[in-house]
Amino acid sequence: MLLLALATLALPAAVGQTPRVTRPILIAHRGASGERPEHTLAAYDRAIDEGADFIEPDLVPTKDDVLVARHENEIGGTTDVARHPEFAGRRATKTIDGQSVTGWFTEDFTLAELKTLRARERLPALRPANAAYDGQFAIPTLAEIIDLAKRRSAQTGRTIGIYPETKHPTYFASIGHPTDRRLVDQLRAAGWDSAAAPVFIQSFEVANLRRIHGWTRIRLIQLMDGEGAPADGAAPSYAAMAMPAGLKAVAAYAFGIGPNKAMLWRGDQPSGLVADAHAAGLAVHPWTYRAENQFLPDRFRHGADPAARGDVVAEIRSALAQGIDGFFTDFPASGIQARDGVQ
């Protein structure tokens, strides 16, 4: 019954075949992160309550190789680690994907140590209401997120899927903490190892998705940005990957693409990316729809205050009109309103 419910959202297709979608899926980006601190069980739970089809954890490893949900492995901005004098000596500077980063890193903490920390709002200036929850929530593990999705699926009678992102896979492999096999093995242990599983695996890198494609039939999503290139050097640029020939290459290993939402547009007109991806047999799940003016195109803003809410519902509907197959949002309730006409 639950898998049937999922099938009405996104019927699986073999790699290289056009995905059959009857209703675009709503992916709660780091949970309902517009309403609760991101990557907390509270944010994921809130997203499920609001109707999200999938909850999205970004995954990074601990020192003892447990996968946990954080936007980045640097946790100075998303936890209270700086307030723990016992961890002052862990502050370090590292080079990650060519960028120098200073702070505290998950791979330098055991899970038991991370569990002594509490989450903080990453964007307190834009989301002061979220900051009111600072200090209340622990860092969740992938195992806890899987358990939440299964438990809430049973409670609600609808399938709640998960949409994990493998963060910096080349970097983590280079320091002796590879994550891809652990992710696949943990999903398989949960009973998820097919194209019908309520799971998508996403990555901004290419080589790791190609490896994962050989290990599991779980659907894979190639993330793309409007600028730059994959950190593993497997493609010259995301722009090249978004061209018809590049999309055809992606379709050899992935079910779909997750482009920056701006890539759907050329000014106020569709860029053609959705049509080109569909022609290559790829689903399209753009990211990330946020309600604050700072993240909205000019035509959807209300006023000049960056933190004020604009018309994200209209922005999502403009993308739905292009035929997207799903979308990431920090505000699942707004996403439901846009997709389903709920007021």
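Residues numbered from 1 in each chain as written. Predicted model: local features only at pLDDT ≥ 70, side-chain atom pairs only at ≥ 80, totals over all residues. Heavy atoms only, no water.

### A few points about the overall build of the protein chain
Okay, so step 1: The number of helices and strands found in the protein chain is 13 helices and 15 strands.
Okay, so step 2: Taken against the 2.2 N^0.38 rule, which gives 20 Å for 343 residues, the C-alpha radius of gyration of the protein chain at 19 Å falls within 12% of a compact globule.
Okay, so step 3: Reported as C-alpha extents along the three principal axes, the dimensions of the protein chain are approximately 55 × 50 × 45 Å.
Okay, so step 4: For the protein chain, the proportion of its 343 residues judged to be buried stands at 54%.
Okay, so step 5: Taking all contacts inside the protein chain whose residues are at least 6 apart in sequence as the whole, residues at least 24 apart take part in 67%.
Okay, so step 6: Total accessible area computed for the protein chain in this model is approximately 13,400 Å², and 53% of it derives from carbon and sulfur atoms.
Okay, so step 7: Side-chain charges in the protein chain split into 37 positive and 40 negative, and the spacing between the mean points of these groups amounts to 3 Å. (Helix = DSSP H or I, 4+ residues; strand = E, 2+ residues; numbered from the N terminus. Rg over C-alpha atoms; globule rule 2.2 N^0.38 Å. Buried < 20%, exposed > 50% of the residue type's maximum accessible area, 1.4 Å probe, protein only. Contact = heavy atoms within 4.5 Å. Areas by Shrake-Rupley, 256 points an atom, 1.4 Å probe, with all protein chains shown as cover. Lys, Arg positive; Asp, Glu negative; His and termini not counted. Charge placed at Lys NZ, Arg CZ, Asp CG, Glu CD.)

### Quick look at the packing of helix 5 (residues 142–156) against helix 7 (residues 180–189)
Okay, so step 1: In the contact formed by helix 5 and helix 7, the axes pass within 11 Å of each other and the chain directions differ by 30 degrees. When the axis of helix 5 is compared with that of helix 7, the two are roughly parallel. The two elements helix 5 and helix 7 meet at a crossing, and its hand is right-handed. Counted together, Leu142, Ala143 and Ile146 of helix 5 and Leu183, Gln186 and Leu187 of helix 7 form the full contact between these two elements.
Okay, so step 2: Partitioning the contact of helix 5 with helix 7 into residue classes produces five nonpolar, one polar and no charged. (Axes fitted to C-alpha atoms, helices over the stretch in contact; angles between N-to-C directions. Parallel < 35°, antiparallel > 145°, perpendicular 65-115°, else oblique. Left-handed = near helix turned anticlockwise from the far one by under 90°. Nonpolar A, V, L, I, M, F, W, Y, C, P; charged D, E, K, R; others polar.)

### Remarks on the pairing of strand 6 (residues 99–103)
Okay, so step 1: Strand direction decides the pairing type here: strand 5 (residues 92–96) and strand 6, joined by five bridges, are antiparallel. Looking at the pairing, Lys94 lines up with Val101 of strand 6.
Okay, so step 2: Linking two consecutive strands that pair antiparallel, namely strand 5 and strand 6, is a turn of two residues; a positive phi of about 50 degrees is found at Asp97 within it. (Pairing = 2+ DSSP bridges.)

### Quick notes on the nonpolar core
Nonpolar side chains in soluble globular proteins tend to be buried together.
Okay, so step 1: In this structure, Ile55, Ile162, Leu187, Trp192, Met224 and Ile257 are the most contacted members of the largest nonpolar core, which totals 64 residues.
Okay, so step 2: Ranked by size, the runner-up nonpolar core spans 14 residues in total, among them Phe87, Trp104, Phe109 and Tyr171. (Core = buried A, V, L, I, M, F, W, Y, C linked by side-chain atoms within 4.5 Å.)

### Here's the deal with the pattern of salt bridges
Okay, so step 1: Summed over all chains, the structure comprises 28 salt bridges.
Okay, so step 2: With a shortest N-O distance of 3.7 Å, Glu165 and Lys167 are connected by a salt bridge.
Okay, so step 3: You can call Glu165 buried: its relative accessible area is 6%.
Okay, so step 4: Glu315 is the partner of Lys261 in a salt bridge, and the nearest nitrogen-oxygen pair spans 2.9 Å. In this pair, Lys261 sits in the loop between strand 11 (256–259) and strand 12 (265–266) while Glu315 sits in helix 12 (residues 312–320), placing the two residues 54 residues apart along the sequence.
Okay, so step 5: Given the relative accessible area of 11%, Lys261 is considered buried.
Okay, so step 6: Judged by relative accessible area, Glu315 falls into the buried class, the value being 4%. (Salt bridge = Lys/Arg side-chain N within 4 Å of Asp/Glu carboxyl O.)

### Section: the confidence of the model for the protein chain
Okay, so step 1: Mean pLDDT over the protein chain stands at 94; residues scoring 70 or higher make up 93%.
Okay, so step 2: Throughout residues 1–14 the model reports pLDDT below 50, and contacts reaching past four residues in sequence, or to other chains, amount to 34 contacts.
Okay, so step 3: A low-confidence stretch, residues 16–20 stays under pLDDT 50, and its non-local contacts, those more than four residues away or across chains, total 15 contacts. (pLDDT = per-residue confidence, 0-100.)

### Some words on the sheet that holds strand 1 (residues 25–29)
Okay, so step 1: Strand order across the open sheet formed by four strands is 7-2-1-15, with parallel pairing between neighbours. Every other strand in the sheet has two partners, leaving strand 7 (161–162) and strand 15 (326–329) as the edge strands with one partner each.
Okay, so step 2: Looking at chain direction, strand 1 and strand 2 (residues 54–56) are connected through three bridges and run parallel. The residue bridging His29 from the neighbouring strand is Glu56, located in strand 2.

### Side note on helix 13 (residues 332–340)
Okay, so step 1: Within helix 13, the full set of buried residues consists of Pro332, Ser334, Gly335, Ile336, Ala338 and Arg339.
Okay, so step 2: Lining the buried residues of helix 13 we find strand 1, helix 2 (41–49), helix 12 and strand 15.
Okay, so step 3: Taken from the residues just after helix 13, Gly341 is the one with a positive phi, measuring 75 degrees.

### What to know about the environment of Arg90
Okay, so step 1: With respect to the helices and strands, Arg90 occurs in the loop between strand 4 (67–69) and strand 5.
Okay, so step 2: Given a relative accessible area of 26%, Arg90 falls into the partly exposed group.
Okay, so step 3: C-alpha separation for the pair Arg90 and Phe109, spaced 19 residues apart in sequence, amounts to 8.5 Å.
Okay, so step 4: Beyond its immediate stretch of four places on either side in the chain, Arg90 contacts Gly103, Trp104, Asp108, Phe109 and Glu113.
Okay, so step 5: Side-chain polar atoms of Arg90 contact the backbone oxygen of Asp108, separated by 2.9 Å. (Polar contact = N/O pair within 3.5 Å; in protein donor to acceptor, adjacent residues only side chain to side chain.)

### Describing the packing of helix 12 against helix 13
Okay, so step 1: Here helix 12 crosses helix 13 at 50 degrees, and the two axes come no closer than 9 Å. By the angle between their axes, helix 12 is oblique relative to helix 13. The crossing of helix 12 and helix 13 is right-handed. Mapping the contact onto sequence places Val312, Val313, Ile316, Arg317 and Leu320 in helix 12 and Ser334, Gly335, Gln337, Ala338 and Arg339 in helix 13.
Okay, so step 2: For the contact of helix 12 with helix 13, a count of residues per class yields five nonpolar, three polar and two charged.

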